[in-house]
Amino acid sequence: MATTAAATGTVVLVDAALAPYEHPDLRWLVRKHVLAVLQDFPTLSPSVDTYTSDSGASTVLLNARGLLTVSSALPPVLLTLLLPREYPYLPPLAYVFPATPSSASLSLARDHPFVDHRTGRVRRTLPYLEDWAVPRSSLAGLVRSLVGALRMCHPLTSRFGSVVVHATTTTPVEEEEQERMRTALLDELVSRLGRDTAAFRGHVDEDIHAMSSIQGSLRARADAMDRAVRDLEDERMRLERAVTASLSHRAKLLAWLHKTSSRVPDAGAAPLTPHAAAGDAPRWLESKASELAVDDTVGALGHALEDGELISFQEYIKRVKVLAREQFFHCHAAATSMSKVTK
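The sections below set out a description of the structure shown in this document. (Residues numbered from 1 in each chain as written. Predicted model: local features only at pLDDT ≥ 70, side-chain atom pairs only at ≥ 80, totals over all residues. Heavy atoms only, no water.)

1. As for the overall build of the chain
Link 1 in the chain: Broken down by element type, the chain carries seven helices and six strands.
Link 2 in the chain: Along the chain, helices (α) and strands (β) appear in the sequence α-α-β-β-β-β-β-α-α-β-α-α-α when read from the amino end.
Link 3 in the chain: Sorting the 343 residues of the chain into buried and exposed places 28% on the buried side.
Link 4 in the chain: Across the chain, every contact between residues at least 6 apart in sequence was considered, and the portion connecting residues at least 24 apart equals 55%. (Helix = DSSP H or I, 4+ residues; strand = E, 2+ residues; numbered from the N terminus. Buried < 20%, exposed > 50% of the residue type's maximum accessible area, 1.4 Å probe, protein only. Contact = heavy atoms within 4.5 Å.)

2. Re the side chain of asparagine 63
Link 1 in the chain: Within the fold, asparagine 63 resides in strand β2 (residues 58–68).
Link 2 in the chain: Here serine 47 takes part through its side chain, which lies 2.6 Å from a polar atom of the side chain of asparagine 63.
Link 3 in the chain: Separated by 3.2 Å, the side chains of asparagine 63 and aspartate 49 make a polar contact.
Link 4 in the chain: Setting aside chain neighbours within four positions, we find asparagine 63 in contact with Ser45, Pro46, Ser47, Val48, Asp49, Leu81 and Leu82. (Polar contact = N/O pair within 3.5 Å; in protein donor to acceptor, adjacent residues only side chain to side chain.)

3. Quick word on unusual backbone geometry
Link 1 in the chain: Of note, the amide linkage connecting tyrosine 87 to proline 88 takes the cis form, showing an omega dihedral of 10°.
Link 2 in the chain: Relative to the elements of secondary structure, proline 88 occurs in the loop between β3 (77–83) and β4 (93–98).
Link 3 in the chain: A cis geometry characterises the amide bond from valine 134 onward to proline 135, with omega recorded as 5°.

Encoded structure:
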């Protein structure tokens, strides 16, 4: 009767503690996990405590706490299982400490593969925690896996650094169980190393393939840049030849200007006018007037372009070309008339 009442009180406590938890549709599964671990490990008992995370946030969580016997040859440890609000999709938080305050001479071993000696928290390196998945994983399975791991590598040491072991001798059955657990953990470690090696090799092959593709694209870009540099060098040489030819033409033009300027009459001499040849005077005047009129027209077009009165710059260039052609013919006519006068 007392056992039934205690079980009923446990169920009521668990249901009340699970009220604020997420995933209300899975509360039956959480309740099943809690009752199963309490049944398989009677030394654990449920309670509700406030948990403060590393970020400083405080949350009221359901937990199971009690002494956990690893083996008759090893001292028990105080185990605390905290169920986060996202349980069962997040694994529980497990903490391991020395069993009683009288064990002040005992402490958590440094560099333990599964337990952090500063906080007592069980690391995710424990295979069961690392492979936690719903609905395969459970609290009872976690505790059984933790017992096997701590039996092979106990977390408590004396103040002198040696592992604490009870004076009782182990039975052949316990030795066989320890050997079986050691073999299973070693096999699991070897299989994990093999999987990690294969995954790492696959990633390395992918990286090599990606780097090869990048190398090919970089080579293509390098070839394109080399072609561009060669084209620019050819363009530079072509421009140098053009500049040389322009300088040669400039020298010829300067020589022609110097030659023609020497024929200009002195200021004291009588100016040459079309009146010297009466027959060519009207033609010279008409050509000279047309030439000056073209200059005025080009100037007017330039002012109109600056003021935005023309249609476009292309229209301005077109009109200037037409006017320049007309001015050339007028200049030629005036020069012909002048040559006849000078003769």
